[in-house]
Amino acid sequence: MQAKQLSVFIENREGRLDEVLAVIKGAGVNILSLSLADTSEYGLLRLIVSDPVAADKALKENGFSSMLTGVLVVRLDNKVGSLQDFLCVLAKENINLEYMYGLTIENGGKASLVIKASNLDKAANILTAAGAELLSNEDISKL
Amino acid sequence: MIWNEKMETMSREELTKLQSERLVATVKRVYNNVPAYRAKMDAIGLKPEDIHGIEDLKKLPFTTKADLRDNYPFGLFAVPQDEIVRVHASSGTTGKPTVVGYTENDIKMWSECVARCMTMAGITKKDIVQVAYGYGLFTGGLGAHYGAEYMGAVTVPMGTGNTAKLITLMKDFGATAIACTPSYLLHIAEVLKENGDLDKIKLRAAVCGAEPWTEEMRKQIEATLGIDAHDIYGLSEVMGPGVACDCEYHKGLHVCEDHFIPEIISPTTLEPVPEGETGELVFTTITKEGLPLIRYRTRDLTSISYDKCECGRTTCRISRFKGRSDDMLIIRGVNVFPSQVEEALLQVDGVNPHYLIVVDRVNNLDTMEIMVEVEEKFFSDEIKGLEALSKKIAKAVQQMIGLNAKIKLVEPRTIERSMGKAVRVQDKRKLV
């Protein structure tokens, strides 16, 4: 099961991130998590939001380059070694991780991570078979 | 010192007579041997017999870069292919380069012209000349090389790209002269200064060309290196470097008029302008065999003076260039048309032709940055995807123009849209 991530291209200029966030806010969309990858020239903002389609539309209308990408959101036990337990399964199958960032840590002792892997469908199958819990956007909103 | 007293100090009357004879012969030759020229002359009802001397020059139709492109690659050559001994090529306005062919005599004539120019710069056969232009299709390297060799100087084929080695050899060989672009020479001067090597060199003369430079830049080069720097001009279509050069008085560039007839025309009316006025420089070659050119529009803006020079030469002088009548850029000595960059960008899947070329000069070396808008269709959520895109664009540009450009990805619609002709170039260098 894949979740939708919103990716936005932003130039390294003062106030640019703020403008993106303002558009998302204006669309009434809640940000659940984000990661900002930077290079010397530009940044790449990746977000998990309450309504990715609405946010994507609003950003495009405001002249931003944004897109929706499939990612895996894995819900793990919040305990020592649980991340490694799952990632080693992917490594064994030669699946490459493109990027990864944290989503939430729940009071109930669970932690969720966003993962982008080279072969997303295969990665999803492997993780599910290994007993991982994969979340949809709907699931995430309820966390 | 004058390399060829006879040709360079001839009276105007004699020169006009010589030019006229050579022009009449050239026109006859191209009419008979080059279908494209014949068609152009026939179209306006002009016969070779109508050309009696240089006073009839203005009756002849112009030749442009487009004619070279339309007859790519060898269509304008006026001799059978087995008489061609070398070809060079320079940038066309689009992907196809402009091809120039030389016969054995053309190479000799070119060497002679370069020797005249080097002599104007005070270089003699006793000198050790480092040629630090690019060797290859570009005319700079081989042109200067053959000229220096023809003079009998020790010629060192450095090429470009390895400044450290150039400096080592400059010191070790005791090189006394150099031929390269003025910006490269300034760069070399800075490196020498930084390394504290300025007193370890014997350099005394330079012939710099292939790009526009200012009088201030010349003075800066001369002061830093303690040398005489001269401006050599040429363009590959006409021949290459050596068409003109400035003498020790630096009051304009003496044209090798016994080989090339210069004219100045208005780029709008295409009519000759009065002497001394600025306009577009037009050349007719009158001795070239491989690729003779009739009234070739160089697009370089300048003026001509026919006053006798203090150096004793009687050949006319063109003034420092005042720009171009087209959008061609000269970056690190390489001719670049924005249309070529556009063509390269369009070869990359999904790239929109919204771009801006930013040219600057950092530490005396030209830099070229191309800003390209990241459109949705080639946007990626992965940095490596965006980096791959930059590399792909850079490679396409490199293959098209032979220069490495820095590609800067920018947000969509951030490059200013213009209502009329799009602004594609921002040249921050102050050269004119």
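Use the structure listed above.
Residues numbered from 1 in each chain as written. Chains lettered and ligands numbered in written order. Predicted model: local features only at pLDDT ≥ 70, side-chain atom pairs only at ≥ 80, totals over all residues.

A. Spotlight on the sheet that holds strand E17 (residues 355–362) of chain B. All names here are of chain B. In space, the four strands of this open sheet follow the order E19-E18-E17-E20, with mixed pairing throughout. Looking along the sheet, the strands with just one partner apiece sit at the ends: strand E19 (406–410) and strand E20 (425–427). Averaged over all adjacent pairs, the angle separating strand axes in this sheet is 20 degrees, with direction ignored. Here E17 runs beside strand E18 (residues 365–373); their pairing, made up of eight bridges, is antiparallel. Bridge assignment links Arg361 to a residue of E18, and that residue is Asp366. Across the sheet, helix H11 (residues 383–401) lies against E18 and E19, angled at about 135 degrees from E19, the strand it touches most. (Pairing = 2+ DSSP bridges. Helix = DSSP H or I, 4+ residues; strand = E, 2+ residues; numbered from the N terminus. Axes fitted to C-alpha atoms, helices over the stretch in contact; angles between N-to-C directions. Contact = placed C-beta atoms within 7 Å.)

B. Spotlight on the environment of B:His88. Residues and elements named next belong to chain B. With respect to the element layout, His88 can be found in strand E1 (residues 84–90). A count of 23 C-beta atoms within 10 Å places His88 in the buried class. Placed 48 residues apart in sequence, His88 and Gly136 show a C-alpha to C-alpha distance of 7.7 Å. For His88, the contacting residues outside a window of four places in its chain are Val100, Leu137, Thr139, Ser236 and Gly240. (Buried ≥ 20, exposed ≤ 12 C-beta atoms within 10 Å, placed from the backbone.)

C. Up close: H11(B). Residue and element names in this part refer to chain B. The first and last C-alpha atoms of H11 sit 27 Å apart over 19 residues, in line with the 27 Å expected at 1.5 Å per residue. Within the span of H11, buried status applies to Leu386, Leu389, Ile393, Val397, Met400 and Ile401. On an axial view of H11, the arc spanned by its buried residues comes to 80 degrees, and they lie on one face. Among the exposed residues of H11, those oriented more than 90 degrees off its buried face are Lys384, Lys391 and Gln399. Of the surrounding secondary structure, the elements contacted by the buried residues of H11 are strand E16 (334–336), helix H10 (338–347), E18 and E19. Immediately beyond the C-terminal end of H11, within one or two residues, lies Gly402, with a positive phi of roughly 75 degrees. (Expected span 1.5 Å × (residues − 1). Arc of directions from axis to C-beta.)

D. The interface of chain B and chain A, seen in detail. Facing the 13 residues of chain B at the interface are 18 residues of chain A. Tallied by class, the residues present in the side of chain B that touches chain A amount to six nonpolar, no polar and seven charged. (Nonpolar A, V, L, I, M, F, W, Y, C, P; charged D, E, K, R; others polar.)

E. Fine view of the sheet that holds strand E13 (residues 304–305) of chain B. All names here are of chain B. Strand order in the open sheet formed by nine strands is E4-E3-E5-E6-E7-E8-E9-E14-E13, and the pairing between neighbours is mixed. The sheet is open, and its two edges are formed by strand E4 (154–157) and E13, each paired on a single side. Bridge analysis of strand E7 (residues 228–235) against strand E8 (residues 240–246) gives four bridges, and the strand direction is antiparallel. For Gly234, the partnering residue across the bridge sits in E8 and is Pro241. Contacting strand E3 (128–131) and E4, helix H7 (residues 163–173) runs over the sheet at an angle of about 175 degrees to E3.

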